[in-house]
Amino acid sequence: MVDTRIYKVTDLDKNDVQADIKNIVRSGKNIIFPTETVYGIGASALSEKGVQNIYKVKGRPSDNPLIMHFSDIGSIHDYIHIDQSYVKKLIEAFWPGPLTMVFRRKPVVPNTITGGLDTVAIRVPSHPIAQKVIAIAGVPVCAPSANISGTPSSTLFEHVYADFNKKVDIIIDGGKSDVGLESTVLDVTGDVPVILRPGIITKAMIKSITPHVDMSEALQGTEVPKSPGMKYKHYAPSGKLTIVEGEKVTDYINDQIKKQHQSNKKVGVIATANLAKRFDTDYVFNIGESFDEAIIASNLYIALRTMDQMQIDVIYSVSFHQGRYGEVIMNRLYKAANHRVVKV
Ligand code: TXA
Ligand code: MG
């Protein structure tokens, strides 16, 4: 058990708080801080102890590599090789911001964070608090999403507090995350960049900078993966989530609510504002107006986590394909539902 200090954003100007942050990171301990995407649980990338503790408290498999976060672009060159000329343009267009790039690493990058790969993921967040924490630490900071492995990432202070109070030394309360979904992960080691994880820096946005960009094969299609397993358990609430799509969504979900209630299950529904009032059940999460995909993105993990807080057994969600972020929202929702989709 650790005595967790909670700091507000305004505390970061205080000398003793800055000294605490620097000491915690440099002595191989952990700090949770907000970024523009989701909250991160950070450790010095150069501290084996700090990094191993992240894997331990998150329950994360050790072969899943971490992202190194920097507060300024200049210092990345000590750690990576930039092999492709298009990278410079991507950096100019999207950094600082919610784009992570995977590079060939230099030997100085510790094996503990790369899961043994010869590449390393790098991100320069745009959130002023994330930048400040990394700058105070004075070292690159590894920061996976601050959630227990397999569950939805944290986008509210209350979420990180619930998961990590007494498990990390410092938590910074930065309110609600702006984006609400994790950064786009882009492999930039080859001639053509490859999207490994979609995010709000979309394929179209990357294409406007570099003419060619591929999607990782693992991301194509929404069918059940051939060998489902741990690898695919992501962003999952405890309740059984099913996505419902098609013309008869309201009728179908209302039928299911009745059936589930007969077997005493608590049923929750995630729906856009125009549909939310049509369901009569234990809990309905209004995720936002159907045309406002940035709000839907920022509320998605809050919706999933609220279902758990309400101890909902069975969850139905409408789908959110529309708009610029439709693809990334649905990428996360399909995984959260373990690819359970009903077309009606
Ligand atoms: O928005 C974000 O990226 C957040 C905030 C806190 O910065 N961080 C985050 O980290 O989402 P994490 O660890 O939850 O997700 C990192 C993803 C994982 O899917 C991991 O497999 C992938 O990046 N990754 C990391 N290093 C990699 C590498 N060398 N090659 C391929 N994928 C890598
Ligand atoms: Mg994560």
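Every value quoted in this text rests on a predicted model; they were computed, and no experiment measured them. Each chain carries its own residue numbering, running from 1 in the direction its sequence is written. Numbering of ligands from 1 and lettering of chains from A proceed in the order in which they are written. Local features are withheld for residues below a pLDDT of 70 in this predicted model, meaning they are given only at 70 or higher, and side-chain atom pairs are given and counted only at 80 or more; totals for whole chains, interfaces and linings count all residues. Note that the side-chain values use all heavy atoms of the structure and ignore hydrogens as well as water.

(A) Quick look at the site of ligand 1. Only heavy atoms are used to decide nearness, and a residue is near a molecule or strand if one of them lies within 4 Å of it. The full set close to ligand 1 counts 25 residues, and Thr37, Arg60, Asn64, His69 and Ser183 are the nearest of them. Any N or O atom pair separated by 3.5 Å or less is treated as a polar contact, with the protein-specific requirement of one donor-capable and one acceptor-capable atom, and with residues adjacent in sequence counted only for side-chain atom pairs. Between ligand 1 and the protein, one listed contact pairs an oxygen atom with a side-chain N or O atom of Ser145 at 3.0 Å. Note that an oxygen atom of ligand 1 is positioned 3.0 Å from one of the side-chain N or O atoms of Arg197. Here, Shrake-Rupley sampling with a 1.4 Å probe gives the accessible areas, and only protein chains in the shown set may cover a residue. Contact with the protein chains hides 87% of the accessible area of ligand 1, taken as 690 Å² for the molecule alone. Only DSSP runs of H or I with at least four residues qualify as helices, and only runs of E with at least two residues qualify as strands; both kinds are numbered from the N terminus onward. Secondary structure elements with two or more residues in the shell around ligand 1: strand E4 (67–69), strand E7 (119–123) and strand E11 (194–197). Take the shell around ligand 1: its biggest share by element is four residues, from E7. Amino acids outside the nonpolar list (Ala, Val, Leu, Ile, Met, Phe, Trp, Tyr, Cys, Pro) and the charged list (Asp, Glu, Lys, Arg) are all regarded as polar, and Gly is one of them. Of the residues in the shell around ligand 1, the class split is 13 nonpolar, eight polar and four charged.

(B) Summary view of the domain arrangement of the protein. As far as domains go, the protein holds domain 1 (5–220) and domain 2 (240–343). Each of domain 1 and domain 2 was reduced to a C-alpha centroid, and the two centroids are 29 Å apart. Residue contacts are defined here by distance: any two heavy atoms, one from each residue, within 4.5 Å place the two residues in contact. The interface of domain 1 with domain 2 comprises 27 residues on the first partner and 16 residues on the second. Carbon and sulfur atoms supply 60% of the area that domain 1 and domain 2 bury against each other, a total of about 1,600 Å² over both sides. Take a side-chain nitrogen of Lys or Arg and a carboxyl oxygen of Asp or Glu: if they are within 4 Å of each other, that pair is a salt bridge. The interface formed by domain 1 and domain 2 holds two salt bridges in total. The partner of Glu182 in a salt bridge is Arg332, and the shortest N-O contact between them spans 2.8 Å. On the surface where domain 1 and domain 2 come into contact, there are nine residue pairs in polar contact (both at pLDDT 80 or more). Its residues placed into classes, the side of domain 1 that touches domain 2 shows 11 nonpolar, 11 polar and five charged. Residue ranges assigned to the domains are those given by an automatic or database domain assignment. As used here, buried area is the combined drop in accessible area, with a 1.4 Å probe, of two parts when they are placed together.

(C) Spotlight on the pairing of strand E9 (residues 170–173). Burial along E9 is two-sided: the residues Ile170 and Ile172 and Ile171 and Asp173 are all buried. Sheet topology note: the strand E1 (residues 5–8)/E9 ladder contains four bridges and is parallel. The residue of E9 that forms the bridge with Ile6 is Ile171. Note: strand E2 (residues 31–33) against E9, two bridges, orientation parallel. Paired with Ile31 across the bridge in E9 is Ile170. Exposure is judged per residue with a 1.4 Å probe applied to protein chains only, and the accessible area is read against the type maximum: over 50% gives exposed, under 20% gives buried, and values in between give partly exposed. For two strands to be treated as a pair, DSSP must find at least two bridges joining them.

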